[in-house]
There are 2 protein chains.
Amino acid sequence: MPSDTLPAAVAMPLRGRPHVVILGGGFGGLAAAKALRRAPVDVTLIDQRNHHLFQPLLYQVATAALNPSDIAVPIRQILRRQRNASVLLAEAVAVDPIGKRVLLSDGVNPEGAVPYDFLILATGVTHSYFGHPEWAGAAPGLKTIEDALEIRKRILLAFESAEWETDPARQRAWLTFILVGGGPTGVELAGAIAEIARHVMTRDFRRIDPAKARVLLIEAGPRILPGFAPELSQWATEAISRLGVEVFTGNPVTALDNGGVTVHGEKIEARTILWAAGVEGSPLASSLGAPLASGGRIPVQPDLSLTEAPGVFVIGDLASLHQDGQPLPALAPVAVQEGRHAARNILRALQGLPGLPFTYHSRGMLATIGRAAAVGEVARLRFTGFAAWLFWLLVHIAWLIGFRNRFLVLTEWAWTYLRYERGARLITGPKQGGLPDRPSGTKG
Amino acid sequence: MPSDTLPAAVAMPLRGRPHVVILGGGFGGLAAAKALRRAPVDVTLIDQRNHHLFQPLLYQVATAALNPSDIAVPIRQILRRQRNASVLLAEAVAVDPIGKRVLLSDGVNPEGAVPYDFLILATGVTHSYFGHPEWAGAAPGLKTIEDALEIRKRILLAFESAEWETDPARQRAWLTFILVGGGPTGVELAGAIAEIARHVMTRDFRRIDPAKARVLLIEAGPRILPGFAPELSQWATEAISRLGVEVFTGNPVTALDNGGVTVHGEKIEARTILWAAGVEGSPLASSLGAPLASGGRIPVQPDLSLTEAPGVFVIGDLASLHQDGQPLPALAPVAVQEGRHAARNILRALQGLPGLPFTYHSRGMLATIGRAAAVGEVARLRFTGFAAWLFWLLVHIAWLIGFRNRFLVLTEWAWTYLRYERGARLITGPKQGGLPDRPSGTKG
């Protein structure tokens, strides 16, 4: 019914039924919302973006292989048939655990606050620059579609700039790409950039040889893909080196600006620096007044609830929970399972039953290295190479929400794979009617 | 060869051969570049964007049916195999006809100026607000991918805002969409928005009924699609009215702001206003010192050259040329034919031959009205309805550059057509980590 028949006070969907508010439309938040499909509650999912993002493939948007809409689906569309669910496009700035309200910044809702009976916090994590916020401008991270399009723009503009740069040193800097952080994202980005340079761009330029581009992957720890078994890290290092990526491990970045990075006392000149090194819990966490774990994550009870804030559950990357002495990894499957579990515990609470402890059933881990290689761990099974890549491809396509995306992504990938093409090789940006904005200091 | 072996002075591709500079990578500029494929000249195509845009389908990006990369292709990719052509991503700010140089603003080229022997000016037109530049912010026009994504964002955010707006009047304003200008773009946008409201959005919202959205098409002249025969305008008016679009003709917009427009003394409250009313020649035109025709276009000689600026040719929307007493329409086919003709006359000039006058061989005109209707004129033939739409579909798909696009566009369209889906229904924007920017004054 159109709300112009309703006074503002009851604009929120409170028809006497308990109101479950979910913050964040990622894997965890959506899983929780769907798990409440048939529950006698009203669900309001609040996200500051109108789309759910399939983050595991975001690096493919950043490297111009996929379009944003291939890996993003409007949250409304996903929950369209779930009658007890409403979607609110708004930015939550704080949680008031005493008044049981979520406070909105601007947001579409004029009220500015959303009351809840139960709250599922699933706002995830954001980039962390280890106490160097000033590095953010020079080295963007990859969390949102905007991030991906910004990174894409920088990569493509770097080649454009190199093509017309006449100073050899400056040209080399334009053709040097540095990935900070050797986790899956860093490895996947490095591999994709190396391939673009060697296979996609080669025929497009007249003055430069894009294949001469340097791609550096810098990991502070002893090995890349630290979450995987040592032999898989070893295999990945060799595979990505074959793609032309130079892997540096064992030393952190000590300085970073638009001109390059400093590692182990040596300054490496580079105009394109991407950040894949660290994340921290979304700022919302602090508003709960609960003590935070390392990386700004929220320590939760075994049932995913918070003792300090009754009715509040925390799931996904934002939650800090240990299992068998190990912290649970920041993976989509963990978030999904936690989301369903939180929903289950809310239903139990409604029946006056205590919450059940959460147990993660591992689905394994995968990471791709370039165009046709990957490493994977499923249970005790470890596999590498093309087989692993095919498995990765199938798993991710199967995961993608909505037939349309699955189908189109397949087409685009098939094309990319067959033709070494990059279909989405477009530089677009906020600045209207002129050159897209550049990372500062790019004038020749 | 990498230019680090060259001093800056010869960074421009001057190997003793005449240097043809083409400003603008649209239909005309690309046609000219391709026509010079085997000519004994060096071609430098300069554009401020890295992609050629298939503008006739831009409204489909604005209405979330297509992705930017479906209708845009990197110019480098198009000219990849043309060895005598270089592409420069830079913004040309002025032409120096005396010194025979093109002056660049920022741009990748450090020189800041590109010398030419022959210049083909194909920078097209931009929006014109008829002496009301202050209207631009409230009523964006549709020329670039950035425009299209901005319009898409405003349309989608309008429904989001209406869903949570509790004041009936404000909610109605959010659900009112005004198209200013009854040309093909205005008609196509109006039809597409009406369809989104009635078929795509309906199931997504809980409080509003998107089908209740008002879509107004305001044309100052006596009829919409003035470029077409009167009976086609009549047919189009009826067809678009059946889609739910309210057509107002005969009165210009006299006032316009974020709150709505004033027509014939009446203020119509609307939060989404789109501009399709007028265009004017790109500002570059004035730098030539030649007298400009109406709409800032450049009057050209019958051979497309300029008496005031030797070696300079003007083609496409920017050129003002009459044929049989009628000004040539601003259509892609005109630009393409002019581009090829300018190339031919350049080759003749190199052989000391005079330029030949240009004659446009009409390919007809087409305009779509919503999902499955169109009007068309080919020679004396006039057709309407589904047949015209199918013809429009085929023509445009055939026109799209590159198999990949053609194929993907087909898939997306087939999907849209079968499912009334809008695959690219994403709100993205410059603002990072928060709500996308809104048209100003949208707070509840």
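Residues numbered from 1 in each chain as written. Chains lettered and ligands numbered in written order. Predicted model: local features only at pLDDT ≥ 70, side-chain atom pairs only at ≥ 80, totals over all residues. Heavy atoms only, no water.

## Brief notes about the overall build of chain A
Spelled out, the test is: A helix here means a DSSP run of H or I that spans at least four residues, while a strand means a run of E at least two residues long, and both kinds are numbered starting from the N terminus. Any residue under 20% of the maximum accessible area for its type is buried, any over 50% is exposed, and the rest in between are partly exposed; the area is computed with a 1.4 Å probe on protein chains only. Each accessible area value is a Shrake-Rupley result obtained with a 1.4 Å probe; residue values ignore everything except the protein chains displayed when judging cover.
Broken down by element type, chain A carries 11 helices and 26 strands. Within the span of chain A, comprising 444 residues, buried residues form 60% of the whole. Total accessible area on chain A stands at roughly 16500 Å², and carbon and sulfur atoms take up 57% of it.

## Re the sheet that holds strand S15 (residues 260–263) of chain A
Residue and element names in this part refer to chain A. Applicable threshold: Any two strands between which DSSP finds at least two bridges are classified as paired. Axis lines are fitted to C-alpha atoms, over the contacting stretch for helices. Their N-to-C directions set the angle, which ranges from 0 to 180 degrees.
Pairing is antiparallel across the open sheet formed by 3 strands, whose spatial order is S14-S15-S16. Both outer strands of the open sheet, strand S14 (253–257) and strand S16 (266–269), are each paired with one neighbouring strand and no more. The average undirected angle you get between the axes of adjacent strands in this sheet is 20 degrees. Across 4 bridges, the pairing between S14 and S15 is antiparallel. Bridging from a neighbouring strand, aspartate 257 pairs with glycine 260 of S15.

## Details of the sheet that holds strand S13 (residues 245–249) of chain B
All names here are of chain B. Convention followed: Note on contacts: a residue pair is in contact if any heavy atoms of the two residues lie within 4.5 Å.
If you walk across this open sheet you meet the 4 strands as S13-S12-S11-S17, and the pairing is parallel. At either end of the open sheet lies a strand with only one pairing partner, and these are S13 and strand S17 (272–275). For this sheet the average axis-to-axis angle between neighbouring strands, irrespective of direction, equals 20 degrees. In terms of strand pairing, strand S11 (residues 176–180) meets S17 through 4 bridges, oriented parallel. Residue pairing for S17: phenylalanine 177 is matched across the bridge by threonine 272. Sheet strands in contact with helix H5 (residues 145–164) are S11 and S17, and its direction is about 160 degrees off that of S17.

## Considerations on the domain arrangement of chain A
The line we're drawing: For the domains described, the bounds stem from an automatic or database domain assignment.
Partitioning chain A into domains gives domain 1 (3–48 + 90–127 + 279–350) and domain 2 (134–277). A straight line from the C-alpha centre of domain 1 of chain A to that of domain 2 of chain A covers 36 Å.

## Focus: the environment of threonine 44 of chain A
Residue and element names in this part refer to chain A. The topology assignment puts threonine 44 in strand S2 (residues 42–47). Threonine 44 gets classed as buried once you look at its relative accessible area, which sits at 0%. Spatially, the C-alpha atoms of threonine 44 and leucine 232 are 42 Å apart, while their sequence positions differ by 188 residues.

## Concerning the packing of aromatic side chains
Residue and element names in this part refer to chain A. Rules: What counts as a ring pair is set by centres within 6.5 Å for rings of Phe, Tyr and Trp (its six-membered ring), and what kind of pair is set by the plane angle: stacked under 30 degrees, edge-to-face over 60, tilted for all other angles. Placement of a positive charge over a ring is assigned whenever Lys NZ or Arg CZ falls within 6 Å of the ring centre and within 35 degrees of the normal to the ring plane.
Overall, the coordinates contain 16 aromatic pairs over all chains when judged by the stated rule. With a centroid separation of 6.1 Å and 35 degrees between ring planes, the pair formed by phenylalanine 159 and phenylalanine 205 is classed as tilted. You can see phenylalanine 159 sitting in helix H5 (residues 145–164) and its partner phenylalanine 205 sitting in the loop between helix H7 (184–200) and strand S12 (214–219), a full 46 residues away along the chain. With a relative accessible area of 6%, phenylalanine 205 lands in the buried category. Put simply, the rings of Tyr129, Phe130, Trp135 and Trp275 touch in pairs and so form one group of aromatic residues. The lysine or arginine in question, arginine 271, covers the ring of tryptophan 174, its NZ or CZ lying 4.5 Å from the ring centre.

## Section: helix H1 (residues 27–35) of chain A
Burial within H1 of chain A is extensive, with 7 of its 9 residues counted as buried. Buried residues of H1 of chain A: Phe27, Gly28, Gly29, Leu30, Ala31, Ala32 and Ala33 of chain A, and no others.

## Description of the packing of H1 of chain A against helix H9 (residues 332–350) of chain A
Residues and elements named next belong to chain A. Our working rule: Crossing handedness follows the turn of the near helix against the far one: under a right angle anticlockwise gives a left-handed crossing, and clockwise gives a right-handed one. Three categories are distinguished: nonpolar for Ala, Val, Leu, Ile, Met, Phe, Trp, Tyr, Cys and Pro, charged for Asp, Glu, Lys and Arg, and polar for the others, with Gly belonging to the last.
Contact geometry for H1 and H9: axes closest at 7 Å, N-to-C directions at 35 degrees. The interaxial crossing formed by H1 with H9 has right-handed handedness. On the side of H1, the interface is formed by Phe27, Gly28, Ala31, Ala32 and Ala35, while H9 contributes Ala332, Ala335, Val336, Gly339, Arg340 and Ala343. Of the residues assigned to the contact of H1 with H9, the class counts are 8 nonpolar, 2 polar and 1 charged.

## Looking at the side chain of arginine 80 of chain A
Note the cut-off: Residues adjacent in sequence count toward polar contacts only when both atoms are side-chain atoms; beyond that, a polar contact is any pair of N or O atoms within 3.5 Å, and within protein one must be able to donate a hydrogen and the other to accept it.
Here arginine 80 of chain A lies in the loop between helix H4 (75–78) and strand S5 (85–89). Side-chain polar atoms of arginine 80 of chain A contact the side chain of aspartate 204 of chain B, separated by 2.6 Å.

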